[in-house]
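Notes for the structure review
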Amino acid sequence: MTERGLKEREALAERLLVVRRLGLVPYADALALQRELVEDRRAGRIPDTLLFVEHPHVLTLGVRGDGGRSHILASADALAARGVEVHETGRGGDITYHGPGQIVGYPIIDLKPDRCDVHRYVRDLEEVLIRTVAEYGVAAHRVDGLTGTWVGDEKLAAIGVRIGRWITSHGFALNVNTDLDYFNLIVPCGIADRGVTSLARLLGRAVELGTVQDRIAAHFSKMFANKVLAT
């Protein structure tokens, strides 16, 4: 192995993954924080970081086409009456819903030097979530041509990412104790012929969010060969 290769291996071995659990955070605040952390990660001021948040009720739009606005089924007045905001995001994908009881994960990580492959990164996020819910006895899977993790014909977790100069932002949303009725306000991810589910619905009971976060962090760390440093 060359000297450069040895140095890259040492750098990877020394990487840390900082896990930050921020609780309930308005979507606009989380978006601003991600932008700040992306610049910090690019400059080397922070290590790889995984944010865990919940959001107040919000519909988020992707960058494809109209972002998914045509897939909003409720009127503006109906959304306002239920306290649901609508935000543009800058991530890939179509419209989705975020709300309490859902674990939203925002990895701010540097994919250089050895993981510079967008499709691989998305597949790896799917695998992290598949392995996480397997610990609860849930057999999730991929669907060819559709991003996310699925149980049968129902989506359990949505994924929408942004990658700039190989620094990642945005990420995934795993329905744990989510009120699935809010998905009736939209055509989730623009897919009309499939449903949405949650871990609580599949198990028939509420699930402790902190424990699920722990398991996601552990599988994420293994997938990306990082050490976990929770804060």
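This report concerns the structure included in the present document. Nothing here was measured: the structure is a model prediction, and the numbers come from that model. (Residues numbered from 1 in each chain as written. Predicted model: local features only at pLDDT ≥ 70, side-chain atom pairs only at ≥ 80, totals over all residues. Heavy atoms only, no water.)

**Looking at the sheet that holds strand β3 (residues 58-61)**
- Read across the open sheet, the 3 strands follow the order β4-β3-β5; overall the sheet is mixed. Two strands lie at the open edges of the sheet, namely β4 (85-88) and β5 (96-98), each paired on one side alone. Each adjacent strand pair in this sheet contributes to an overall mean axis angle of 30°, direction not counted.
- The pairing of β3 with β4 spans 4 bridges and is parallel. Each residue of the ladder has a partner; that of Leu 59, found in β4, is Val 86.
- Packed onto the sheet, helix α2 (residues 27-42) meets β3, β4 and β5 and runs at close to 20° relative to β4. (Pairing = 2+ DSSP bridges. Helix = DSSP H or I, 4+ residues; strand = E, 2+ residues; numbered from the N terminus. Axes fitted to C-alpha atoms, helices over the stretch in contact; angles between N-to-C directions. Contact = heavy atoms within 4.5 Å.)

**Some details on the pairing of strand β6 (residues 102-108)**
- Counting buried positions along β6 gives 7 out of 7 residues, so the element sits mostly inside the fold.
- On β6, burial covers both faces: Gln 102, Val 104, Tyr 106 and Ile 108 on one face and Ile 103, Gly 105 and Pro 107 on the other are all buried.
- Inspection of the sheet shows strand β2 (residues 48-54) paired to β6 by 5 bridges, in the antiparallel sense. Within β6, the position partnered with Thr 49 by the bridge is Ile 108.
- Where β6 lies against strand β10 (residues 167-175), 4 bridges are found, and the strand directions are antiparallel. Pairing of Gln 102 across the sheet is with Asn 175, part of β10. (Buried < 20%, exposed > 50% of the residue type's maximum accessible area, 1.4 Å probe, protein only.)

**Topic: the packing of aromatic side chains**
- Applying the stated rule across the entire model yields 4 aromatic pairs.
- Residues Tyr 97 and Phe 183 carry aromatic rings whose centres are separated by 5.2 Å and whose planes lie at 75° to one another, so their mutual orientation is edge-to-face. Here the residue Tyr 97 occupies a position in strand β5, and Phe 183 occupies one in the loop between β10 and β11 (195-196), the gap between them amounting to 86 residues. Pair check on accessibility: Tyr 97 and Phe 183 agree, each one buried.
- Taken together through their ring pairs, the aromatic side chains of Tyr 97, Tyr 182 and Phe 183 make up a single cluster.
- The side chain of Arg 82 reaches across the aromatic face of Tyr 182, ending 4.3 Å from its centre.
- Over the ring of Trp 150 we find Arg 194, and its NZ or CZ is 5.3 Å from the ring centre. (Phe/Tyr/Trp six-rings, centres within 6.5 Å; stacked < 30°, edge-to-face > 60°. Lys NZ or Arg CZ within 6 Å of the ring centre and 35° of its normal.)

**With respect to the packing of helix α4 (residues 118-134) against helix α6 (residues 209-223)**
- Running from N to C, α4 and α6 cross one another at 135°; their axes reach a closest spacing of 9 Å. Classed by the angle they form, the pair α4 and α6 counts as oblique. α4 and α6 meet at a crossing whose hand is right-handed. For the pair α4 and α6, contact is made by Asp 124, Leu 125, Glu 127, Val 128, Leu 129, Arg 131 and Thr 132 and by Val 212, Arg 215, Ile 216, His 219, Phe 220 and Met 223, respectively.
- Here the residues of the contact of α4 with α6 sort into 7 nonpolar, 2 polar and 4 charged. (Parallel < 35°, antiparallel > 145°, perpendicular 65-115°, else oblique. Left-handed = near helix turned anticlockwise from the far one by under 90°. Nonpolar A, V, L, I, M, F, W, Y, C, P; charged D, E, K, R; others polar.)

**Let's talk about the nonpolar core**
- Membership of the largest hydrophobic core comes to 34 residues, with the highest contact counts inside it found for Leu 174, Val 212 and Ile 216.
- Going through the elements one at a time, β1 (16-24), β2, α4, β9 (154-164), β10 and α6 are the ones with two or more residues in this core.
- If you tally residues by element for this core, the top one is α4, at 7 residues.
- The residues touching Val 212, leaving out its near neighbours within four places in the chain, are Ile 103, Thr 132, Tyr 136, Leu 174, Val 176, Leu 199 and Val 207.
- With 16 residues, the next largest nonpolar core counts Tyr 27, Leu 31, Val 58 and Ile 167 among its residues. (Core = buried A, V, L, I, M, F, W, Y, C linked by side-chain atoms within 4.5 Å.)

All quantities given are derived from atomic positions and should not be read as evidence of function.
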